[in-house]
Amino acid sequence: MPVNDPGNVVEFSEVMSEIITIIENSEVESCIILGDFNAHPGTVFDNEVLNFCTDGNLIPADMQLLGRDSDTYTFVSDINGGRRWLDHCLVTESVLPLVSGVEVLTDVYWSDHFPLLVKCNLAMMKPMVHMSNKPCNKVVWGNRNEQQIRMYSNICNGKLKCIDFPSEFNSCCDTRCADLQHREVIDRFYDNIVSSLSQAAIESFLIKKGGRGGYIVGWNKHVKDAHREARLRFSEWVLHGKPSSGVFYNAMAESRILFKSKLKFCQNNQEQIQMDILASHHKSKKFGNFWKHTNKLNHRQGLPASIQGVVDPKQIANLFQERFRVQSPLQETQMMLGAGSVGSEAPFKVSSEDVSSIIENMTRGKSPGHDGLSIEHLLYAGVHLSRVLSMFFTFCIRHSYLPNELMKSIVVPIVKNKTGENSDICNYRPISLATVIAKVLDGVLERQLCKYVNVNEAQFGFRPGLSTENAILALKHTVRYYTDRRTPVYAAFLDLSMAFDTVIYSKLWSKLRDTTLPGDLIGVFEYWYSHQNNQVRWGDALSDPYTMECGVRQGGADLSHSL
């Protein structure tokens, strides 16, 4: 660290920020940082350390155990004999219980600083369970080259163009329908779409990507030139009749030996070469490339061996199921299903143009649902997909029905505080992974909500281009207007804790019926919310299925308009 001087605060902050960034991007929860921080209690650097500890969820273990007001010191000045406490130990929250003691060894003279001894019981550290590598899922998009994408599009076009209007719907193509037997037709229609996309993904995945062997770390820097020279000398040797001796043979043999030696060097020193690449990017301040190569290392964090004392993955998944499941505080049952299909307005129809526009504007690179399909599967599926999906969505809306496989979501527990206790069930929040076709349907319904439901001008959340910052700005201007005129301002703040998790469905449908939203759409919302199927995934295990009795579906269409 730089010398404790106000002029060095910027440099000190940069180093501390880098430490916090490394911790956050390393996917670890147990971290110990020891060193000479040049941060004596009460100085500018000490305040910076405390601020960064707050921001990064770190704890100064030495100060907490020895006391900030103690006479501890780790450095004695040879000039004036001044004593300073410059060396410290910062730990993450999960490590603090492991620290059994801290002391300064004032009888050891290794340097001008006295050693800071931190005693830790590392045997108490909770083990992590590293999941075994799963077999390759060929449906998942992953990294596909241009040849694979073209092949995927061609296969999809061939399969999807054969999907046509079901003859069973000839009698209800322009009206609402309550025939329960038609639900089986909708299920088959959906399965046909999903199987077409999945089969095309598998068949295009089987195309060889070309090349021999895997990716060699350091190829461009250490091997590329030697490989090019070896190929050139080999071609010359072949051109001259493959002599067994002489100039061309010697040149070919020497270039091949050099190429193989450099290739062997890269294969034996991959980890060191990776670290050298990271160091070079960091030194040249190319932080984009630095983090890009860091992510390629793919050091994935394991899972805690136990949660709340439970070790069986299935039982842990069920623990999270109980925590994430929200029950209605009023213990109400769902209102009449299909009531939204009553009305005199014309039946709703989804256009292929809307479907195509929604797919094009969806964000890529998101995690797939339980079927392995992601937005990339839809983007490259060809011209027939929007036509097929528009038909499918229209069938679903007019029958107030959705296939169970479409509504199925996988809920994954995500750590809230990476440096906290990872075996504490309260340190996790749920992330719902829905099917990609359900996300497209969400987009269709979202557009219709915006057409028929008016949003109050004072609502800043869940609106494009607005956020809570706009609300704060409006509040500040309002308060300033009256205080400048010497008028008191009285404010009441209402904390609607977990408001969206306790929304009663019957009240929600009642409010939607007070709007001009077509009854077809309300019927689909009712069916979806009353039949949604969730399972928590922990490692390779899934919890028992469960439904939601209340609350707004995570990642679904924004029903806050009607609340």
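Residues numbered from 1 in each chain as written. Predicted model: local features only at pLDDT ≥ 70, side-chain atom pairs only at ≥ 80, totals over all residues. Heavy atoms only, no water.

K.L.:
Would you mind going over the overall build of the protein with me for this structure?
P.N.:
In terms of regular secondary structure, the protein is built from 18 helices and 13 strands. Taking all 563 residues of the protein together, the buried fraction comes to 40%. In the protein, of all internal contacts separated by at least 6 residues, the share reaching a separation of at least 24 is 75%. As presented, the protein carries roughly 32,400 Å² of accessible surface, and 52% of it is formed by carbon and sulfur atoms. (Helix = DSSP H or I, 4+ residues; strand = E, 2+ residues; numbered from the N terminus. Buried < 20%, exposed > 50% of the residue type's maximum accessible area, 1.4 Å probe, protein only. Contact = heavy atoms within 4.5 Å. Areas by Shrake-Rupley, 256 points an atom, 1.4 Å probe, with all protein chains shown as cover.)

K.L.:
What am I meant to see in the pairing of strand β12 (residues 533-538) here?
P.N.:
It is a general feature of regular strands that their side chains alternate between the two faces of the sheet. Note: strand β10 (residues 408-415) against β12, four bridges, orientation parallel. Each residue of the ladder has a partner; that of Ile-410, found in β12, is Gln-535. Of the strand pairs in this sheet, β12 and strand β13 (residues 541-542) are connected by two bridges, and their pairing is antiparallel. Looking at β13, one finds that Arg-537 is bridged to Leu-542. Counting the residues between successive antiparallel strands, the hairpin from β12 to β13 contains two residues, one of them, Gly-539, with a positive phi of roughly 65°. (Pairing = 2+ DSSP bridges.)

K.L.:
For this particular structure, what's the right way to read helix α10 (residues 313-324)?
P.N.:
An α-helical turn contains 3.6 residues, so any two residues separated by three or four positions project in the same direction. Between its terminal C-alpha atoms α10 stretches 16 Å, which fits the 16 Å expected from 12 residues at 1.5 Å a residue. Looking only at α10, the buried set comprises Ile-316, Ala-317, Asn-318, Phe-320, Gln-321 and Phe-324. The elements touched by buried residues of α10 are β10, β11 (428-433), β12 and β13. For α10, the N-terminal cap is Asp-312; the gap from its side-chain oxygen to the backbone nitrogen of Lys-314 is 3.2 Å. (Expected span 1.5 Å × (residues − 1). Polar contact = N/O pair within 3.5 Å; in protein donor to acceptor, adjacent residues only side chain to side chain.)

K.L.:
Which parts of the structure should I look at to understand a nonpolar patch on the surface?
P.N.:
A cluster of nonpolar side chains, contributed by Ile-32, Leu-34, Leu-122 and Met-125, occupies part of the molecular surface with about 340 Å² of accessible area. One can find Met-125 in the loop between β7 (116-120) and β8 (128-129). (Patch = residues over 30% accessible without salt bridge, like charges linked within 9 Å, V, L, I, M, F, W, Y side chains within 5 Å. Salt bridge = Lys/Arg side-chain N within 4 Å of Asp/Glu carboxyl O.)

K.L.:
Just to check I follow, could you spell out the packing of helix α17 (residues 505-513) against helix α18 (residues 519-531) for this structure?
P.N.:
Packed helices, taken two at a time, are described by the angle between their axes plus the distance between the axes. Remark: α17 packs on α18, axes separated minimally by 11 Å, with the N-to-C direction vectors making an angle of 170°. Accordingly, the angle class assigned to the pair α17 and α18 is roughly antiparallel. Contacts between α17 and α18 involve Tyr-505, Trp-509, Leu-512 and Arg-513 from the first element and Ile-522, Phe-525, Glu-526 and Tyr-529 from the second. Counted by class, the contact of α17 with α18 contains six nonpolar, no polar and two charged residues. (Axes fitted to C-alpha atoms, helices over the stretch in contact; angles between N-to-C directions. Parallel < 35°, antiparallel > 145°, perpendicular 65-115°, else oblique. Nonpolar A, V, L, I, M, F, W, Y, C, P; charged D, E, K, R; others polar.)

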